[in-house]
Amino acid sequence: MPPSPTIKVFKTEELDSNTRSAIIELCVAAHREEDFRNLFSYVPSGGLHFLACQSERLVSHALVTPRWLQPEGLPELRTAYVDAVATLPTQQGQGYGSAVMRQLASTVDGEYVIACLETEREELYKRLGWETWRGALAGRSEHGLIPTPEQTGIMILRLSQTPPLDLDSALTIEHQVGRIW
């Protein structure tokens, strides 16, 4: 097992161009998805980036932005929405991503009511305390609800302020330009 990584937390506005480029290259390599080259056009400001470095080399990343989940029967909850979780392919399985996600959870607790993410790798997150939402999912817009019955892999992490939840009830999130979840 490699030594514990150094995890640094930066606001989007604090990231220099070299760090932004390193984050983009990491995400593209990890996900094999070129759209990550647009990450900083999607999140020009207001994000919180968790960077795991090993010997000054960026090996893992996660991003939190504020969103608003609303479980059925509850008010909207200030949500730490997690995106762009990535670990260098050559470093995966060595605990870097888990270390980033643990730091993320402890950092956002208190500032947010709940955390949420979308993933195809549910088992990875379940080991870290995340739970899969089983109920109906939808987006909220000024025109009403936008059902997303095809959506899978929505997970939540209960934080210290999270109210009791029924994971089989409906869950909505505010619609954003270009995406719901």
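Quick note: structure is the one above.
Our subject in this report is the structure included herewith.

Procedures and definitions
Residues numbered from 1 in each chain as written. Predicted model: local features only at pLDDT ≥ 70, side-chain atom pairs only at ≥ 80, totals over all residues. Heavy atoms only, no water. Disulfide = S-S within 2.5 Å. Buried < 20%, exposed > 50% of the residue type's maximum accessible area, 1.4 Å probe, protein only. Core = buried A, V, L, I, M, F, W, Y, C linked by side-chain atoms within 4.5 Å. Helix = DSSP H or I, 4+ residues; strand = E, 2+ residues; numbered from the N terminus. Expected span 1.5 Å × (residues − 1). Phe/Tyr/Trp six-rings, centres within 6.5 Å; stacked < 30°, edge-to-face > 60°. Lys NZ or Arg CZ within 6 Å of the ring centre and 35° of its normal. Contact = heavy atoms within 4.5 Å. Polar contact = N/O pair within 3.5 Å; in protein donor to acceptor, adjacent residues only side chain to side chain.

### So, the state of the cysteines
Part 1 of the reasoning: Following the criterion strictly, the structure yields zero disulfides and no others.
Part 2 of the reasoning: Here Cys27 is not disulfide-linked; the sulfur of Cys53 is the nearest cysteine sulfur, at 13 Å.
Part 3 of the reasoning: Unpaired in this structure, Cys116 has its nearest cysteine sulfur neighbour in Cys27, at a distance of 18 Å.
Part 4 of the reasoning: When its relative accessible area of 0% is taken as the criterion, Cys116 is described as buried.

### Quick notes on the nonpolar core
Part 1 of the reasoning: One finds Ile23, Val64, Val82, Met101, Leu104 and Trp130 to be the most contacted residues of the largest nonpolar core, which totals 40 residues.
Part 2 of the reasoning: Those elements that place two or more of their residues in this core are helix 1 (17-31), helix 2 (39-42), strand 2 (48-54), strand 3 (57-71), strand 4 (77-87), helix 3 (96-108), strand 5 (114-118) and strand 9 (154-158).
Part 3 of the reasoning: In terms of residues, this core owes the most to one element, helix 3, which gives six residues.
Part 4 of the reasoning: In terms of nonpolar packing, the next biggest core, distinct from the first, is built from 16 residues, Leu69, Tyr81, Cys116 and Ile154 among them.

### Points about helix 3
Along an α-helix, residues three or four positions apart point the same way, because every turn accommodates 3.6 residues.
Part 1 of the reasoning: Look at helix 3: 18 Å from first C-alpha to last across 13 residues, which is about the 18 Å you get at 1.5 Å a residue.
Part 2 of the reasoning: Within helix 3, the full set of buried residues consists of Tyr96, Ser98, Ala99, Val100, Met101, Leu104, Ala105 and Val108.
Part 3 of the reasoning: Following helix 3 by one or two positions, Gly110 adopts a phi angle in the positive range, close to 105°.

### Considering the packing of aromatic side chains
To describe a pair of aromatic rings, one takes the distance between the centres and the angle between the planes.
Part 1 of the reasoning: Considering all chains together, one arrives at one aromatic pair under this definition.
Part 2 of the reasoning: Between Tyr125 and Trp130, the ring centres sit 6.2 Å apart and the planes meet at 75°, which makes this aromatic pair edge-to-face.
Part 3 of the reasoning: Judged by relative accessible area, which is 3%, Trp130 ranks as buried.
Part 4 of the reasoning: For the cation-ring pair, Arg67 lies above Tyr81, with the distance from its terminal atom to the ring centre recorded as 4.9 Å.

### What about helix 1?
Part 1 of the reasoning: Its 15 residues place the ends of helix 1 21 Å apart at the C-alpha level, agreeing with the 21 Å of an ideal helix rising 1.5 Å per residue.
Part 2 of the reasoning: Taken together, the buried positions of helix 1 are occupied by Ile23, Ile24, Leu26, Cys27 and Val28.
Part 3 of the reasoning: Of the surrounding elements, those touching the buried residues of helix 1 are helix 2, strand 2, strand 3 and strand 4.
Part 4 of the reasoning: If you check the start of helix 1, you find a side-chain oxygen 3.2 Å away from the backbone N of Asn18, and it comes from Asp16.
Part 5 of the reasoning: At the exit of helix 1 stands Arg32, carrying a positive phi of roughly 50°.

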